[in-house]
Amino acid sequence: MDGNDQLGAGGHAQAARANVNGFNRATMWEQDQIPSETSDQLAEFAELAAALPQAFSQLSSALEQARAHQVLSMETMTDESDPAMAIGVARLHLEEARGLAVDLLKHLDAARNATAHTISQGVDDGQESMPWDQP
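Residues numbered from 1 in each chain as written. Predicted model: local features only at pLDDT ≥ 70, side-chain atom pairs only at ≥ 80, totals over all residues. Heavy atoms only, no water.

A.B. asks: Outline the pattern of salt bridges, listing residues and values.
C.D. replies: Pairing is possible between side chains that carry opposite charge, provided their charged atoms lie close to one another. Counted according to the given criterion, the structure contains three salt bridges. Arg67 is paired through a salt bridge with Glu64; the nearest N and O atoms lie 2.5 Å apart. With Arg67 and Glu64 both in helix α2 (residues 35-69), this residue pair falls three residues apart, about one helical turn. A salt bridge links Asp109 to Arg112; its shortest N-O distance comes to 3.5 Å. With Asp109 and Arg112 both in helix α3 (residues 83-115) and three residues apart, the pair spans about one turn of that helix. For Asp109, a relative accessible area of 31% corresponds to the partly exposed category. (Salt bridge = Lys/Arg side-chain N within 4 Å of Asp/Glu carboxyl O. Helix = DSSP H or I, 4+ residues; strand = E, 2+ residues; numbered from the N terminus. Buried < 20%, exposed > 50% of the residue type's maximum accessible area, 1.4 Å probe, protein only.)

So, in structure tokens, the structure goes:
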């Protein structure tokens, strides 16, 4: 059994955030990554983006189920007094996020496609290449 199988929904969301933050730290000072590696990473992020619309729809459904089957109230620290209204607003935002995730997938896939066939000839060391060095 995979260790991730024991995570609840919140644990998976936290792990996704932590993994993206780890990626950001790992690539912050990266200077010699070749385009095909970037293309592979873009493909992974496109896969992640492809899963987001379903996740947002399921979060919206969970809110609707809570609204329909639970006794809800609002904290006193908010101006909103109607939990059904708050859930409605959240669901509208989730629907918008779902559409943005679809757009994100399109952009990531286009970036991956643009870099997928780029070949690196190595690091430019600032020296002029000689004609016999040309491919």
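Okay, back to it.
A.B. asks: How would you summarise the packing of α2 against α3 if you had to cite specific residues and measurements?
C.D. replies: If you want to describe how two helices pack, look at the angle between their axes and the distance between the axes. Where α2 contacts α3, the two axes come as close as 8 Å, and the packing angle between them is 165°. Viewed along their axes, α2 and α3 adopt a mutual orientation that is roughly antiparallel. Our pair here, α2 against α3, has a crossing hand that is left-handed. (Axes fitted to C-alpha atoms, helices over the stretch in contact; angles between N-to-C directions. Parallel < 35°, antiparallel > 145°, perpendicular 65-115°, else oblique. Left-handed = near helix turned anticlockwise from the far one by under 90°.)

A.B. asks: I'd like a rundown of a negative patch on the surface, residues and numbers included.
C.D. replies: On the surface, a cluster of negative charge is made up of Glu30, Asp32, Glu37, Asp40, Glu44 and Glu47. Within the element layout of this structure, Asp40 appears in helix α2. Overall, Asp40 belongs to the exposed group, its relative accessible area being 51%. (Patch = residues over 30% accessible without salt bridge, like charges linked within 9 Å, V, L, I, M, F, W, Y side chains within 5 Å. Areas by Shrake-Rupley, 256 points an atom, 1.4 Å probe, with all protein chains shown as cover. Lys, Arg positive; Asp, Glu negative; His and termini not counted. Charge placed at Lys NZ, Arg CZ, Asp CG, Glu CD.)

A.B. asks: Go over the packing of aromatic side chains, please, and point to the residues and values.
C.D. replies: Inspection of the entire model under this criterion finds one aromatic pair. When the ring of Phe23 is compared with that of Phe45, the centres are 4.9 Å apart and the planes differ by 75°; the resulting orientation is edge-to-face. One end of the pair, Phe23, is in helix α1 (residues 9-27); the other, Phe45, is in helix α2, with 22 residues separating them in the sequence. For Phe45, a relative accessible area of 24% gives the class partly exposed. (Phe/Tyr/Trp six-rings, centres within 6.5 Å; stacked < 30°, edge-to-face > 60°.)

A.B. asks: Describe α2, with residues and values.
C.D. replies: Note that an α-helix has 3.6 residues per turn; residues three or four places apart therefore point the same way. Taking 1.5 Å as the rise per residue, α2 with 35 residues should run 51 Å; its terminal C-alpha atoms sit 51 Å apart, in good agreement. Every buried residue belonging to α2 is among Ser39, Leu42, Ala46, Ala49, Pro53, Phe56, Ser60 and Ala66, and all of these are buried. Against the buried residues of α2 lie α3. (Expected span 1.5 Å × (residues − 1). Contact = heavy atoms within 4.5 Å.)

A.B. asks: So what's going on with the environment of Thr38? Which residues, and what values?
C.D. replies: Tracing the sequence through the fold places Thr38 in helix α2. Assessed through its relative accessible area of 29%, Thr38 is described here as partly exposed. Counting along the chain gives 77 residues from Thr38 to Thr115, while the straight-line C-alpha distance between them is 7.6 Å.

A.B. asks: Lay out the environment of Ala43 in plain terms, naming residues and giving numbers.
C.D. replies: Examined against the element boundaries, Ala43 turns out to sit in helix α2. Along the backbone, Ala43 and Asn113 are 70 residues apart, and their C-alpha atoms lie at a distance of 8.9 Å.

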